[in-house]
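Chain by chain, the residues:
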Amino acid sequence: MVVVPKPLTSVAEHQATVSGLVGLMPVRATPIAECLGLVLAEDLVAPIPLPPFDNSAMDGYAVRAADVVAVPVVLPVAQDIPAGKTDVAPLEAGTAHRIMTGAPLPAGSDAVVQVEHTDGGTDLVELRFSVPAGTNVRRAADDVALGATVLRAGRVLGPAQLALAGALGFGELPVRRRPRVLVLSTGSELVGPGEPLLPGQIYESNGLMLAAGVREAGGEAELLRFVPDDVEAFHAAIEPHLADVDLVLTSGGVSAGAYEVVKDAFTGRGVEFLKVAMQPGGPQGAGRYQGVAVATLPGNPVSAQVSFEVFVRPALLASMGFAVVERRSARARISTSITSPAGRTQFRRGAYDAESGEVVTPVGGPGSHLLSALAIANCLIEVPEATTELAAGDLVTIRYLD
Ligand SMILES: Nc1nc2c(c(=O)[nH]1)N[C@H]1C(S)=C(S)[C@@H](COP(=O)(O)OP(=O)(O)OC[C@H]3O[C@@H](n4cnc5c(N)ncnc54)[C@H](O)[C@@H]3O)O[C@H]1N2
Ligand code: MOO
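Numbering of residues begins from 1 in every chain and follows the order in which that chain's sequence is written. Whichever chain is written first is A, and whichever ligand is written first is 1; the rest continue in order. Selection of residues for local features in this predicted model requires a pLDDT of at least 70, selection of side-chain atom pairs for listing and counting requires 80 or more, and totals for whole chains, interfaces and linings are taken over all residues.

## What about the overall build of the protein chain?
Item 1. Counting its regular elements, the protein chain contains seven helices and 27 strands.
Item 2. Taking the principal axes of its C-alpha atoms as reference, the protein chain extends roughly 105 × 55 × 45 Å.
Item 3. Exposure is read from a count of other C-beta atoms within 10 Å of each residue's own; the residue is exposed at 12 or fewer, buried at 20 or more and partly exposed in between. C-beta atoms are placed from the backbone. Within the protein chain, the proportion of its 402 residues that are buried is 36%.
Item 4. This entry defines residue contacts through backbone-placed C-beta atoms, with two residues in contact when those atoms are within 7 Å. Restricting to contacts in the protein chain with at least 6 residues of sequence separation, those with at least 24 account for 70%. A helix here means a DSSP run of H or I that spans at least four residues, while a strand means a run of E at least two residues long, and both kinds are numbered starting from the N terminus.

Have a look at this one:
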């Protein structure tokens, strides 16, 4: 019998598959303190102007500019106006009100003399400098007009955007919620920290890495690190979580071995297993199990992390409404020659320093078990499918990992 190998799936095609499976998260009115890093789902319209009222830009004395033309001049201090005072009496001609930064300007005043330009008096004050009308006054709405669109849908909410929304009085914001991801590790060889390492065993690391990657991308991760290598036990472990998650993300157990629990548990149940034209990260799986999106990543640690970067991270970001889902990239000159398998996009780990002449240096070899090289790399070097050799000095695309 002649076995005709299935053609490899392109990186772009599998990216589209995983993103399509995860889809878009629903929009929720979310407490503003929980919105950092999320994407605004609707335009934000100002329900009040900013500042909401005319107020003082300085600690000093609210006056009529016309009363301080000839200086020095002594005026009675008729009122004290700390910030937050809500019942401010109008200013009578020929008087001053002591006023603090941010406090409402009394009706009738049109300027503030800063305290340093006075004797600081509390009953009477000597004003030593004249001020034109408008001096040290922050006018209502000079920042934001009532009804203005201050942030557009699609804007990522950072500290400044949250401050603006908070200043406008919003308690909740419409954002797409964080995707919830169940991260699973399988493998009889895996043990936890603190346990003795018997011959043939290794400490579990992929689950930690992938859960951290999910959280770094803005998602929520639930981590099951030691799911048994047994189909029934695997189903029993994930069953209670399926109603609460948007994606089941596994690593390991998908290649050609005799004990491939992930493959066995999902085959014929909505998940397709395939080979993608990339290295590392060739063996992939994707589909829906009981209605929930599933992405199965290969078990070698570097393969799992590169697969996460290329397929899962963009899908999670897209699901939250990010317009830009790719990492920053740059062109760089590679410092040494490397080879790459024909017909596969190779992602090598690199150290890139833009300040030292835009040179990228491969760290570690191509082996997908080389976790220490991954841990010190700051980028992936992307070698296109058609390229099998690069000479020192050749231009390559790098994708930042931070
Ligand atoms: N005959 C073939 N063998 C392999 C092929 C192939 O095409 N034919 N593909 C190779 C490639 S490429 C990869 S990648 C791996 C993928 O294998 P699996 O996804 O089935 O992963 P495992 O066999 O379960 O594990 C691979 C490797 O990674 C370690 N591992 C797994 N999970 C964890 C974890 N949670 N923490 C730390 N390390 C983990 C595991 O111990 C193995 O060393 O298959 C190749 N083989
Ligand atoms: O594709 Mo495997 O993911 O090279 O190590």
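Still to come is the rest of the account.
## Considering the site of ligand 2
Item 1. Any residue whose C-beta atom, as placed from the backbone, lies within 6 Å of a molecule or strand is termed near it. In the vicinity of ligand 2, the residues found are Q279, P280, G281, G282, P298, N300, S303 and S368.
Item 2. Broken down by class, the residue content of the shell around ligand 2 amounts to two nonpolar, six polar and no charged. When residue character is reported, Ala, Val, Leu, Ile, Met, Phe, Trp, Tyr, Cys and Pro are called nonpolar, Asp, Glu, Lys and Arg charged, and the others, Gly included, polar.

## A word on the UniProt feature "domain: MoaB/Mog" (unreviewed entry) in the protein chain
Item 1. UniProt positions are given in the numbering used here, feature names are shortened, and annotations may be inferred rather than shown by experiment. When the UniProt feature table is mapped onto this chain numbering, "domain: MoaB/Mog" (unreviewed entry) sits at residues 182-318.
Item 2. For residues 182-318, helix accounts for 31% and strand for 31%, while the C-alpha atoms at its two ends are 18 Å apart.

## Remarks on the sheet that holds strand β8 (residues 124-127)
Item 1. Reading across from one edge, β7-β4-β6-β5-β8 is the order of the five strands in this open sheet, with mixed pairing throughout. Edge positions in the sheet fall to β7 (111-114) and β8, since each has one partner strand and no second. Direction aside, the axes of adjacent strands within the sheet are offset by 45 degrees on average.
Item 2. Pairs of strands are assigned from DSSP output, requiring at least two bridges between the strands. Across three bridges, strand β4 (residues 60-63) lies against strand β6 (residues 96-99) in antiparallel orientation. Opposite A62, over in β6, you have H97 as the bridge partner. Note on geometry: axes are C-alpha line fits, over the in-contact stretch for helices, and angles between N-to-C directions span 0 to 180 degrees.

## So, the domain arrangement of the protein chain
Item 1. Examined at the domain level, the protein chain breaks down into domain 1 (11-25 + 178-319), domain 2 (27-50 + 154-175), domain 3 (55-138) and domain 4 (329-400).
Item 2. Segmentation of the chain into domains, including their bounds, is taken from an automatic or database domain assignment. Summarising the inter-unit geometry, the C-alpha centres of domain 2 and domain 3 are found 36 Å apart.

## Considerations on the sheet that holds strand β15 (residues 220-227)
Item 1. Pairing is mixed in the open sheet, where six strands are placed in the order β15-β12-β16-β20-β19-β17. Lying at the two open borders of the sheet, with one neighbouring strand each, are β15 and β17 (271-275). Each strand of the sheet is rotated relative to its neighbour by a mean of 15 degrees, with strand direction disregarded.
Item 2. Across five bridges, strand β19 (residues 283-289) lies against strand β20 (residues 292-297) in antiparallel orientation. Of the residues in β20, the one forming a bridge with R288 is A293.
Item 3. On the sheet, helix α1 (residues 11-22) packs against β16 (247-251), β19 and β20 and is oriented at approximately 25 degrees with respect to β19.

## So, the nonpolar core
Item 1. A set of buried Ala, Val, Leu, Ile, Met, Phe, Trp, Tyr and Cys residues, joined through C-beta atoms within 7 Å, is what we mean by a nonpolar core. Membership of the largest hydrophobic core comes to 68 residues, with the highest contact counts inside it found for V183, L249 and A295.
Item 2. Take this core: its biggest share by element is eleven residues, from helix α6 (residues 301-319).
Item 3. Sequence-distant contacts of V183, that is, excluding residues within four places in its chain, are made with G207, L210, A211, V214, A221, E222, L223 and L249.
Item 4. One finds A62, I81, A96 and L127 within the second-largest nonpolar core, a separate group that totals 17 residues.

## Observations regarding the environment of L210
Item 1. Locating L210 in the fold gives a position in helix α3 (residues 206-216).
Item 2. L210 gets classed as buried once you count the C-beta atoms within 10 Å, which come to 26.
Item 3. The spatial distance from the C-alpha of L210 to the C-alpha of L249 is 8.3 Å, given a sequence separation of 39 residues.
Item 4. Sequence-distant contacts of L210, defined by excluding residues within four places in its chain, comprise V183, L249, S251, A304 and F308.

## Brief notes about unusual backbone geometry
Item 1. Here V71 and P72 are connected by a cis peptide whose omega angle stands at -5 degrees.
Item 2. Structurally, P72 can be placed in the loop between β4 and β5 (73-81).
Item 3. Cis rather than trans, the peptide bond between Q279 and P280 has omega equal to 0 degrees.
Item 4. Turning to its location among the elements, P280 is positioned in the loop between β18 (278-279) and β19.

## Some remarks on the packing of α3 against α6
Item 1. Viewed as axis vectors pointing N to C, α3 and α6 meet at an angle of 20 degrees, and their least axial separation amounts to 10 Å. As summarised for this structure, α3 and α6 are arranged roughly parallel, according to the angle between their axes. In the packing of α3 onto α6, the handedness of the crossing is right-handed. Along the contact surface, α3 presents N206, M209, L210, G213 and V214, while α6 presents P301, A304, Q305, F308, R313 and L316.
Item 2. For the contact of α3 with α6, a count of residues per class yields seven nonpolar, three polar and one charged. Angles below 35 degrees are treated as roughly parallel, those above 145 as roughly antiparallel, those between 65 and 115 as roughly perpendicular, and all remaining angles as oblique. By convention, the crossing between two helices is left-handed when the near helix turns anticlockwise from the far helix through less than a right angle, and right-handed when the turn is clockwise.

## Topic: the packing of α1 against α6
Item 1. Closest axis-to-axis distance for the α1/α6 pair is 8 Å, and the angle between their directions is 40 degrees. With respect to α6, the axis of α1 lies oblique. Between α1 and α6 the crossing geometry is right-handed. Packed against α1, whose contacting residues are V11, H14, Q15, V18, S19 and V22, the element α6 presents V310, F311, V312, P314, A315, L316, A318 and S319 at the interface.

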